[in-house]
Amino acid sequence: MSNIPILHEEHLPGGGLWSCILRRRVSLRITDIEGGANVGLMVYNAHCPSDRLNLPDTLKAQYTARLTRGHVLMSDMGRAMLSITADECGWHDPLGGHGDARLVEQKYGKRNYQTAGNQWFRNARDNFLIELGKHGLGEKDLVANLNLFSRLSVDPEGRLVFCPGNSQPGASVELRAEIHVLVVLNTCQHPLDPSQEYDPKPVKLALLDTPPAAPDDLCRKLRGENERAFALSELYFAGA
Amino acid sequence: MSTLVYTESPFDAKDAVYDLVLPAGDGWMHEIRKGQHFRIVDIDGNQAADTLFYNANDFRDRYCAQRTIREQAAIYLTTGSRLMSSRGSLLMTIVADTCGRHDTLGGACAAESNQVRYSLDKRWMHSCRDTFLLQVLRWGRGASKADITHNINFFMNVPVTPEGGLSFEDGVSAGGRYVEMRAEMDVVALISNCPQLNNPCNAYNPTPVRLLIWNHV
């Protein structure tokens, strides 16, 4: 990884919000600095944002309810958007979604900006909406999101349980853009995190100038479904 | 396989104020008023009724699969499940269910996802999301593709394993099984009666569903 040119690095505090256009073939590396971070993530086609991360399509194409290295985040138009090319965590949650102001108040109480300044309690839904608004998007564009670094287990009855300690200090995940994408993320706690304390963790963000997916790329070759999603992404650029 | 609980409804079809048979491959978009009961009947068995709900007064407030499973801390839908909106409103409550389990993780089939899942040459085949799209565009009032979000698959069985695997199992439904909901606010329901011919979820034989509405008395 050390030979790959770093285009940009940034520290994002817990409870923070961020968005960025990733050119095709740029990778976003996210590092859980302290362990126990959660990154709520949404992805849009930068040229046509109604083409967006579709988690049901992503999961059923790859027969999985967790995401890790080798998996591809797919859009509702069947395109490979982001490939998970490296993962030191091993399990990212596609089920839990994001909390809102009401959930944060129920769990942690109220702490507003007037009294607490930057120590105020922020929530994932509002953070998503703020960043979406900056790109001309809105509430209708906020759909099911991924939670990086978090894990829910599902028992045989279908019950969901949050698994603490899923991500260790320093663990990172790398997401390589397969089309030009808008990435919108925030570092609010997972909505099913049972912790009684408002204690969202910081992450480090890095943009890497990575080479395109080779013909034998792990994410491309994981399954026939992934190869076809890559083919649809490449078709998207065929006449561009 | 988890325990399936069956709950019957006291309502009789002859008292329904609305009664329609929706063929496979067709769409349906219809208002259901607060307090009305809405039943979907799997007439021949193992059909998937891909379903979305919206706050009738504001489509930005719409069915949210992640919130629904999060608030009940369980992934399957059955009697007692509260179908929640993106803003946290209660849209519908499932009050009767003779199937026992319904999916809300698998989403709807689409021309493009069929290309990914089966073959690049499947794009021309009919799909739920093409049906959804035509329904919302016909509905008008500014509705568009962005209103089509992650749906419920009534009568479908999509188990998740403790290891995080996802599978599509044989249905737990059968001919005549139904699910019934009470509208907790004025909603608009959007249904695609799934035309899928590429996977065995409906035994490669899409069949009609029956839609009934009662005024609560």
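Attention in this report is confined to the structure presented alongside it. (Residues numbered from 1 in each chain as written. Chains lettered and ligands numbered in written order. Predicted model: local features only at pLDDT ≥ 70, side-chain atom pairs only at ≥ 80, totals over all residues.)

Comments concerning the overall build of chain A
Tallying secondary structure elements over chain A gives 6 helices and 12 strands in all. Against the globule reference of 18 Å for 240 residues, chain A gives a C-alpha radius of gyration of 17 Å, in line with a compact fold. Its C-alpha atoms give chain A principal-axis dimensions of roughly 55 × 40 × 40 Å. Per-residue burial for chain A yields a buried fraction of 55% across its 240 residues. Once local pairs closer than 6 in sequence are excluded, the contacts in chain A between residues at least 24 apart make up 77%. (Helix = DSSP H or I, 4+ residues; strand = E, 2+ residues; numbered from the N terminus. Rg over C-alpha atoms; globule rule 2.2 N^0.38 Å. Buried ≥ 20, exposed ≤ 12 C-beta atoms within 10 Å, placed from the backbone. Contact = placed C-beta atoms within 7 Å.)

Quick word on the sheet that holds strand β6 (residues 82-84) of chain B
All names here are of chain B. Taken in spatial order, the 6 strands make up an open sheet running β1-β11-β3-β9-β7-β6, and their pairing is antiparallel. Here the strands that pair on one side only, and so sit at the sheet edges, are β1 (18-22) and β6. The average angle at which neighbouring strand axes cross in this sheet is 20°, direction not considered. Relative to strand β9 (residues 177-183), strand β7 (residues 90-97) is paired through 5 bridges, and the arrangement is antiparallel. In the sheet register, D97 faces β9, and the bridge partner there is V179. (Pairing = 2+ DSSP bridges. Axes fitted to C-alpha atoms, helices over the stretch in contact; angles between N-to-C directions.)

Some words on unusual backbone geometry
Phi is positive for Y63(A), close to 50°, though the residue is something other than glycine. Using a count of 12 C-beta atoms within 10 Å as the deciding quantity, one classes Y63(A) as exposed.

Quick word on the nonpolar core
V43(A), M81(A), V181(A), V183(A), F53(B) and V187(B) are the most contacted members of the largest nonpolar core, which has 115 residues in total. Those residues in contact with V187(B) that sit more than four places away from it in its chain are I32(B), F53(B), Y54(B), N55(B), A56(B), L91(B) and M92(B). (Core = buried A, V, L, I, M, F, W, Y, C linked by C-beta atoms within 7 Å.)

Thoughts on helix α1 (residues 55-62) of chain A
Among the 8 residues that make up α1(A), 8 are buried, leaving the element largely enclosed by the rest of the structure. If you check which residues of α1(A) are buried, you get L55(A), P56(A), D57(A), T58(A), L59(A), K60(A), A61(A) and Q62(A). Those residues of α1(A) hidden inside the fold are in contact with β5 (72-74), β7 (146-148) and α6 (224-238) of chain A together with α2 (111-117) of chain B. Taken from the residues just after α1(A), Y63(A) is the one with a positive phi, measuring 50°.

Side note on the interface of chain A and chain B
Interface size is often expressed as the accessible area that is lost when the parts come together. Contacts between chain A and chain B engage 41 residues on the former and 34 residues on the latter. Counting only elements with at least two residues in the side of chain A that touches chain B, the list comes to α1, β8 (152-154) and α6 of chain A. Here the side of chain A that touches chain B is composed, by residue class, of 19 nonpolar, 8 polar and 14 charged. (Nonpolar A, V, L, I, M, F, W, Y, C, P; charged D, E, K, R; others polar.)

A closer look at the environment of A213(A)
Residue and element names in this part refer to chain A. Structurally, the position occupied by A213 is in the loop between β12 (203-209) and α5 (218-221). Residue classification places A213 among the buried positions, given that 21 C-beta atoms sit within 10 Å. For the pair A213 and F230, spaced 17 residues apart in the sequence, the C-alpha separation amounts to 9.3 Å. Once residues lying within four places of it in the same chain are set aside, the contact partners of A213 are S83, E178, C219, R220 and F230.

Considerations on the pairing of strand β3 (residues 26-32) of chain A
Residue and element names in this part refer to chain A. The buried fraction of β3 is high, at 6 of 7 residues. Two strands pair when backbone bridges link them, and β3 and β12 are joined in this way by 7 bridges, in the antiparallel orientation. Counted as the bridge partner of V26 is D209 from β12. Bridge count between β3 and strand β10 (residues 171-177): 6 bridges; the pairing is antiparallel. What sits directly across from T31, in β10, is S172.

A few points about the sheet that holds β10(A)
Strands belonging to one sheet form pairs held by backbone hydrogen bonds; the direction of such a pair is parallel or antiparallel. All names here are of chain A. Taken in spatial order, the 6 strands make up an open sheet running β1-β12-β3-β10-β6-β5, and their pairing is antiparallel. The sheet is open, and its two edges are formed by β1 (6-12) and β5, each paired on a single side. Between one strand and the next, the sheet's axes are offset by a mean angle of 20°, whatever the strand orientation.

Remarks on the pairing of strand β6 (residues 80-87) of chain A
A regular strand places its side chains on the two faces of the sheet in alternate fashion. Residue and element names in this part refer to chain A. Of all 8 residues in β6, 7 are buried; the element is thus mostly enclosed. With 3 bridges connecting them, β5 and β6 associate as antiparallel partners. When the bridges of β6 are listed, M74 appears paired with A80. What sits between β5 and β6 in their antiparallel hairpin is a turn of 5 residues, with G78 showing a positive phi close to 80°. Here β6 runs beside β10; their pairing, made up of 5 bridges, is antiparallel. When the sheet's bridge partners are listed, I84 is paired in β10 with L175.

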